Amino acid sequence: MSSNILMTQATAIIVGASSLLSREIARRLADEGTKLALLAQDPDSLKEFAATLATEAQVFGLDIDKPQTLIAELEQIWQQLGGAHLVLVNTGLNSYHPDLPWQLEDEIISVNVRGFAAVCNTAFRLFREQGYGQLAAINSIAGLRGGPSVAFHASKAFGMNYLEGLSMHAQRLKLPITITDIQLGLLDKAALQQSKLWLSPVDVVAGQIIRALQKGKRRVYVTKRWATVAWLTKLLPEFIYNTRHWKVKKRKGQ
């Protein structure tokens with residue numbers, strides 16, 4: 001997103017606005033003077049937060065697990081806002097069970113693949129009709145390789161490639177639509193290891209995301225140190241990658 005998008009009267013839609021990271025991003029955008037539309041499955045949980053922001057912030061419900069309903073809801077919100085400069089997607093379901101029950105896999109695929117694609121496809125179409133805009137999504141470097149949470153890793157690979165395809169399509173159409181893929185590090189594994197080195201405060205993560213949006217980055221690793229991990233992950237041969245183990249570090253005194 002070019003720097004002139006983050007200005008007074010600009011409008012941003014945040015899909016999946018209930019997370020701590022989404023709220024910090026929303027707060028920073030509001031401080032820049034950006035009008036906000038906060039979308040979540042439980043909109044009531046956001047109303048009190050929205051009232052604290054420095055600019056106008058409307059709250060809407062969105063059924064991320066029901067693509068056809070979602071598309072209609074997003075179109076209606078778009079019309080009500082009169083368009084938007086930025087659509088930021090921060091939705092994702094992740095869970096792990098050693099038995100890999102299909103119901104759990106199906107739920108992850110429904111949200112992370114079908115729901116994600118429906119939001120991005122609709123946002124891209126609306127930007128195309130508008131003539132400009134920026135679509136950004138918060139993904140994970142988990143999409144670089146397979147992993148124990150099978151559907152989650154696969155869904156993040158889908159998201160990465162879907163955004164790349166949209167970027168290529170925008171170039172073919174010669175449209176000023178910026179596609180930004182925000183690759184978060186493996187924060188769940190860092191938390192499991194209780195690693196202070198790899199766990200960054202949410203304000204630091206949000207700050208780097210905002211700067212990437214302002215610069216119109218095509219892909220960015222957040223925080224920056226995870227770029228090295230991503231590079232190494234892609235280089236590891238499968239027989240080494242598949243034998244790695246994440247162990248919980250024992251706390252002192254245990």
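These figures come from a predicted structure and were not determined experimentally. (Residues numbered from 1 in each chain as written. Predicted model: local features only at pLDDT ≥ 70, side-chain atom pairs only at ≥ 80, totals over all residues. Heavy atoms only, no water.)

Q: For this particular structure, what's the right way to read the overall build of the protein?
A: Broken down by element type, the protein carries nine helices and seven strands. Counting every position in the protein, which comprises 254 residues, the buried fraction comes to 48%. Here the contacts in the protein between residues at least 6 apart in sequence split such that 67% fall between residues at least 24 apart. (Helix = DSSP H or I, 4+ residues; strand = E, 2+ residues; numbered from the N terminus. Buried < 20%, exposed > 50% of the residue type's maximum accessible area, 1.4 Å probe, protein only. Contact = heavy atoms within 4.5 Å.)

Q: Hey, could you run me through the pairing of strand β5 (residues 133-140) in this one?
A: Within a regular beta strand, the side chains point alternately toward one face of the sheet and then the other, so they alternate between its two faces. In terms of burial, β5 is a largely internal element, eight of the eight residues being buried. Here β5 shows a buried face lined by G133, L135, A137 and N139 and a second buried face lined by Q134, A136, I138 and S140. After leaving strand β4 (residues 86-89), the chain enters helix α4 (residues 102-130) and then returns to the sheet as β5, a path that is right-handed. Relative to strand β6 (residues 177-184), β5 runs parallel, the two sharing eight bridges. Looking at the pairing, I138 lines up with I182 of β6. Handedness of the β5-helix α5 (residues 150-172)-β6 crossover: right-handed. (Right-handed = clockwise from strand over helix to strand, strands pointing away. Pairing = 2+ DSSP bridges.)

Q: It is not clear to me how the nonpolar core should be interpreted in this structure. Could you clarify?
A: A general trend in soluble globular proteins is that nonpolar side chains are found buried together. Counting 31 residues, the largest nonpolar core has I13, L39, V87, V89 and L135 as its most contacted members. Elements with a minimum of two residues in this core: β1 (11-15), β2 (35-40), α3 (67-81), β4, α4, β5, α5 and β6. The element best represented in this core is α4, accounting for nine residues. Apart from residues lying up to four places away in sequence, V87 is in contact with I13, V15, W78, A123, F127, Q134, L135 and A136. In terms of nonpolar packing, the next biggest core, distinct from the first, is built from 30 residues, L21, A26, I138 and L184 among them. (Core = buried A, V, L, I, M, F, W, Y, C linked by side-chain atoms within 4.5 Å.)

Q: Honestly, the packing of α4 against α5 in this entry has me stumped. Any pointers?
A: The relative placement of two packed helices is expressed as an angle between their axes plus a distance between the axes. Two elements in contact, α4 and α5, have axes separated by 9 Å at closest approach and are oriented at 10°. The orientation of α4 relative to α5 falls into the category roughly parallel. Here the hand of the crossing between α4 and α5 comes out right-handed. Across the interface between the two elements, E105, I108, I109, N112, V113, F116, A117, C120, N121 and F124 from α4 touch V150, A151, F152, S155, K156, F158, G159, Y162, L163, L166, H169 and A170 from α5. (Axes fitted to C-alpha atoms, helices over the stretch in contact; angles between N-to-C directions. Parallel < 35°, antiparallel > 145°, perpendicular 65-115°, else oblique. Left-handed = near helix turned anticlockwise from the far one by under 90°.)

Q: Is there a simple way to think about the pattern of salt bridges in this case?
A: Any two side chains of opposite charge can pair, so long as their charged atoms come close to each other. Under the criterion given, the structure shown has five salt bridges. With its nearest N and O atoms 3.2 Å apart, the salt bridge here joins E24 to R28. Taken together, the residues span about one helical turn, with E24 and R28 both in helix α1 (residues 20-31) at a distance of four residues. A relative accessible area of 19% means that E24 is categorised as buried. For R28, a relative accessible area of 29% puts it in the partly exposed group. (Salt bridge = Lys/Arg side-chain N within 4 Å of Asp/Glu carboxyl O.)

Q: I tried to follow a positive patch on the surface on my own but got confused; where do I start?
A: Residues R211, K215, K217 and K224 make up a contiguous surface patch of positive charge. Mapped onto the fold, K215 is located in the loop between α7 (202-214) and β7 (219-222). Classification of K215 by relative accessible area gives exposed; the value is 62%. (Patch = residues over 30% accessible without salt bridge, like charges linked within 9 Å, V, L, I, M, F, W, Y side chains within 5 Å. Areas by Shrake-Rupley, 256 points an atom, 1.4 Å probe, with all protein chains shown as cover. Lys, Arg positive; Asp, Glu negative; His and termini not counted. Charge placed at Lys NZ, Arg CZ, Asp CG, Glu CD.)

Q: Explain the environment of V15 to me, please; I cannot follow it from the model alone.
A: Mapping V15 onto the fold places it in strand β1. Given the relative accessible area of 1%, V15 is considered buried. Distance from V15 to A137, taken between C-alpha atoms, is 9.2 Å for residues 122 residues apart in sequence. In this structure V15 touches L39, L62, V87, L88, V89, N90, T91 and V119, once residues within four positions along its chain are discounted.

Q: Would you mind showing me how to read unusual backbone geometry here?
A: The residue L100 is not glycine, and still its phi comes out positive at about 50°. Note on placement: L100 falls in the loop between β4 and α4. Using a relative accessible area of 40% as the deciding quantity, one classes L100 as partly exposed. Phi angles above zero are rare outside glycine, and K174 is one such case at about 55°. Inspection of the secondary structure assignment puts K174 in the loop between α5 and β6. We classify K174 as exposed; its relative accessible area is 72%.

Q: Explanation requested: the sheet that holds β4 in the structure shown.
A: Within a sheet, adjacent strands bond to each other through the backbone by hydrogen bonds, running parallel or antiparallel. Within the open sheet, the seven strands sit side by side as β3-β2-β1-β4-β5-β6-β7. Their pairing is parallel. A strand with exactly one partner marks an edge of an open sheet, and here the two such strands are β3 (57-61) and β7. Along the sheet, successive strands turn relative to each other by an average axial angle of 20°, direction set aside. Bridge count between β4 and β5: four bridges; the pairing is parallel. Following the sheet pairing, L88 is matched in β5 by A136. Lying on the sheet, α4 is in contact with β1, β4, β5 and β6; it crosses β5 at an angle near 165°. Each of β4, β5, β6 and β7 is contacted by α7, which is oriented at about 170° to β7, the strand it contacts most.

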